Amino acid sequence: MKYFSIQKIFLLFFILINQTVVQAQSNPTASNPAQTNIDSILPIRGLSIAAPTSATLDSFVTFINQELAPRRVNALILRIDYHYKYKSHPELVDSSSLSLAEVKKIVNACKQHKIRIIPQVNLLGHQSWAKTTGPLLRAYPHFDETPHVKMPEVYKWPNPDGLYCKSYCPLHPDVHKVVFEVVDEICDAFEASAFHAGMDEVFYLGDDKCPRCSGRDKAELFAGEVTKIRNHLAQKNRELWIWGDRLIDGKTTGLGIWEASFNNTHRAIDMIPRDVFICDWHYARPDKTAVLFAAKGLRVATCPWRTPQTAVIQTSDMVAFRQHSTRQMKENFQGMISTVWTSASGFFREFYGKAPGNTSGNTFRAMFDEIDKLGK
Ligand SMILES: [Zn+2]
């Protein structure tokens with residue numbers, strides 16, 4: 001011991017403690033057993049897809065049991081719109097609509113595997129598609145934000161009207177009574193604690209010819225509608241989920257008119273309630289805009305579509321964002337949601353047929369293969 005002065009012993013202690021800290025920082029999973037839990041590494045692991053038709057219902061339940069459950073999927077965004085036999089609004093019921101008994105088959109399968117269902121009905125935008133007007137504006141044409149824009153015989157993009165999809169007027173005094181009855185009924189049917197209102201790609205908003213909206217700030221109109229829907233859902237302790245594109249500045253970011261906003265709605269990111277959940281979709285590049293939402297105090301999931309290699313990068317980014325963020329921001333990085341934009345039956349053909357290349361089926365597989373490696 002004569003060779004060890006007090007100072008040397010302190011120095012040795014300091015080196016040992018320092019090494020332990022460095023090791024812990026470089027390998028957080030080893031130092032924190034909770035990190036090995038997949039729910040801690042990636043709380044939301046989801047799929048967004050159109051609801052099945054009656055003919056596809058049994059295959060859909062099989063898909064939940066055999067494909068979603070083993071992959072530890074825990075969130076299922078189901079696009080319903082008006083493909084449900086609404087008792088409150090039979091005038092809105094679309095073709096191929098599910099009954100309550102059919103919906104319960106999906107609900108029961110998801111309950112068994114602890115998968116949360118988030119039903120989606122497009123509010124505000126997406127009230128038409130190509131040359132077809134959707135059920136809401138067909139039944140209530142006076143809700144149309146742009147009644148002067150006539151639906152074309154043959155739809156082409158671009159077109160002189162800038163028509164992508166119709167919107168309802170968010171300031172029409174009668175629109176919310178109708179859409180909130182639809183929202184309540186579909187949430188009750190799916191026993192949902194969250195509702196997805198879409199709200200992506202809203203190009204028609206605050207139109208110059210609308211007697212209620214003209215001249216108003218488009219960011220305030222958008223945020224006002226988000227807030228109104230959020231407040232309605234909150235009365236029954238339900239959350240609002242929306243797509244994130246209208247909250248990103250398309251010009252400054254270079255993200256363009258589709259996956260971001262060119263019509264000045266992006267300032268709404270600072271105006272909407274902080275408990276709105278953001279589904280941030282980017283399909284070609286793994287854009288890091290999840291950081292933008294998380295830094296604003298909004299919870300966010302990144303949503304790929306049909307580029308498997310992008311989905312793999314996005315998954316590893318999301319895990320890294322959680323690992324390397326402050327305690328305050330970490331919980332805003334919620335996870336990954338694979339999106340499918342065909343019908344459920346179209347997806348099954350692609351998924352089970354194992355079509356090669358850039359498909360939503362291969363992206364779903366690649367994303368969940370990547371997630372499967374986590375925590376192991
Ligand atoms: Zn209006």
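Refer to the structure above for everything that follows.
As the structure is a prediction and not an experimental result, all values here were calculated from the model.

## Focus on the nonpolar core
Logical step 1: Ranked by size, the top nonpolar core spans 94 residues in total, and within it Leu-78, Tyr-168 and Phe-195 carry the most contacts.
Logical step 2: Broken down by element, this core gets its largest block of residues, ten residues, from helix H7 (residues 175–190).
Logical step 3: For Phe-195, the residues in contact, after removing those within four places along its chain, are Ile-118, Pro-119, Gln-120, Val-121, Leu-123, Val-183, Ile-186, Cys-187, Leu-233, Glu-239, Leu-240 and Trp-241.
Logical step 4: In terms of nonpolar packing, the next biggest core, distinct from the first, is built from 14 residues, Ala-75, Ile-77, Phe-277 and Cys-279 among them.

## Some details on the coordination of the zinc ion
Logical step 1: Every protein donor of the zinc ion is listed here as Glu-145 (OE), Cys-169 (SG), Cys-210 (SG) and Cys-213 (SG), and their distances to the metal cover 2.1 to 2.3 Å.
Logical step 2: Here the zinc ion binds four donor atoms, and the angle range of 100 to 117° at the metal identifies the geometry as tetrahedral.
Logical step 3: Positions of the donor residues of the zinc ion along the chain correspond to the pattern E-x23-C-x40-C-x2-C. Separated by 65 residues along the polypeptide, Glu-145 in the loop between helix H6 (135–139) and H7 and Cys-210 in the loop between strand S6 (194–198) and helix H8 (218–234) bring together distant segments of the chain.
Logical step 4: Look at Glu-145 and you get buried, because its relative accessible area is 1%.

## Topic: H8
Logical step 1: When the terminal C-alpha atoms of H8 are compared, their 24 Å separation across 17 residues agrees well with the 24 Å that a helix rising 1.5 Å per residue should span.
Logical step 2: Taken together, the buried positions of H8 are Ala-219, Leu-221, Phe-222, Ala-223, Glu-225, Val-226, Ile-229, His-232 and Leu-233.
Logical step 3: Buried residues in H8 make contact with strand S3 (116–123), H7, S6 and strand S7 (239–243).
Logical step 4: The N-cap residue of H8 is Asp-217: its side-chain oxygen and the backbone nitrogen of Ala-219 are 2.8 Å apart.

Thresholds, definitions, all that
Residues numbered from 1 in each chain as written. Predicted model: local features only at pLDDT ≥ 70, side-chain atom pairs only at ≥ 80, totals over all residues. Heavy atoms only, no water. Core = buried A, V, L, I, M, F, W, Y, C linked by side-chain atoms within 4.5 Å. Buried < 20%, exposed > 50% of the residue type's maximum accessible area, 1.4 Å probe, protein only. Helix = DSSP H or I, 4+ residues; strand = E, 2+ residues; numbered from the N terminus. Contact = heavy atoms within 4.5 Å. Donors = N, O, S within 2.8 Å, 3.2 Å for Na, K, Ca; no water. Tetrahedral: all angles 85-135°; square planar, octahedral: opposite > 155°, others 65-115°. Expected span 1.5 Å × (residues − 1). Polar contact = N/O pair within 3.5 Å; in protein donor to acceptor, adjacent residues only side chain to side chain.

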